[in-house]
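Residue-level structure breakdown
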Amino acid sequence: MSAYPAYTMGGLCVVGGITGYAKSRSVPSLVAGVGVGLLFLWSADAIRKGSPNGLECALGASALLLLSSLPRIAKGPVPLVLAATSSAAGVYYGTRVYNLRNH
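A brief look at the structure comes next. As the structure is a computational prediction, the values presented were derived from the model and not from experiment.

**Side note on the pattern of salt bridges**
Evaluated as defined, the whole model comprises three salt bridges. Across the pair Arg48 and Asp45 runs a salt bridge, and its minimum N-O distance is 2.8 Å. With a gap of three residues between them, Arg48 and Asp45 both fall in helix α2 (residues 27-49), about one helical turn apart. Relative accessible area serves as the criterion here: at 54%, Arg48 is assigned to the exposed category. Relative accessible area serves as the criterion here: at 24%, Asp45 is assigned to the partly exposed category. Overlapping salt bridges, with partners in common, bring together Asp45, Arg48 and Lys49 in one network.

**Side note on the state of the cysteines**
This structure, assessed with the given rule, holds zero disulfides. Cys13 takes part in no disulfide bond, and the closest cysteine sulfur to it belongs to Cys57, at a distance of 12 Å. Judged by relative accessible area, Cys57 falls into the buried class, the value being 15%.

**Looking at helix α4 (residues 77-102)**
Across its 26 residues, α4 extends 37 Å between first and last C-alpha, which sits within 8% of the 38 Å expected from 1.5 Å per residue. For α4, every residue scored as buried is listed here: Pro79, Ala83, Ser86, Ala89, Gly90, Tyr93 and Val97. Those residues of α4 hidden inside the fold are in contact with α1 (4-24), α2 and α3 (54-69).

**Examining the packing of α1 against α4**
Describing two packed helices takes the angle between their axes plus the distance from one axis to the other. The N-to-C vectors of α1 and α4 enclose an angle of 155°; their axes lie 11 Å apart at closest approach. In this view, α1 runs roughly antiparallel relative to α4, as classed from their interaxial angle. Judged by the sense of rotation from one axis to the other, the crossing of α1 with α4 is left-handed. Counting all contacts with α1, which are made through Pro5, Ala6 and Met9, the residues of α4 involved are Thr85, Ser86, Ala89, Tyr92 and Tyr93. Grouping the constituent residues of the contact of α1 with α4 by class yields six nonpolar, two polar and no charged.

Here is what the cut-offs are and how they apply
- Residues numbered from 1 in each chain as written.
- Predicted model: local features only at pLDDT ≥ 70, side-chain atom pairs only at ≥ 80, totals over all residues.
- Heavy atoms only, no water.
- Salt bridge = Lys/Arg side-chain N within 4 Å of Asp/Glu carboxyl O.
- Helix = DSSP H or I, 4+ residues; strand = E, 2+ residues; numbered from the N terminus.
- Buried < 20%, exposed > 50% of the residue type's maximum accessible area, 1.4 Å probe, protein only.
- Disulfide = S-S within 2.5 Å.
- Expected span 1.5 Å × (residues − 1).
- Contact = heavy atoms within 4.5 Å.
- Axes fitted to C-alpha atoms, helices over the stretch in contact; angles between N-to-C directions.
- Parallel < 35°, antiparallel > 145°, perpendicular 65-115°, else oblique.
- Left-handed = near helix turned anticlockwise from the far one by under 90°.
- Nonpolar A, V, L, I, M, F, W, Y, C, P; charged D, E, K, R; others polar.

So, in C-alpha cells, the structure goes:
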C-alpha cells in the first residue's frame, strides 16, 4: 500500500498552513494546516510501517480537509484546490480501506 499520497498531502498541508500564517497572520490557517498535515504524515508513516489504522487515519484526514474546505470553495482557488486534492486522496484511501475490508 502506498503512503506517498499521504506524505504529499501532509507536506502540502503543513506548507499551506505556514504560508497562510505568513501571508495574513491567520492562526486558524496555521493550526488547521499543521494539524491536518501532521495527521496525514502520521498516517503515511503508519501505512509505510504496516501499522494498524494508517489507511483509516488518512481517510479521516482527507474527510476533515474536504469538510473544512467546502464552505469556502467560492472564495477563491485555494479552497477549490484543497477540496479537489482532499477528494482525490479520500477516494484513493477509501478504495484501499474498502478493498482491505472486503478481501
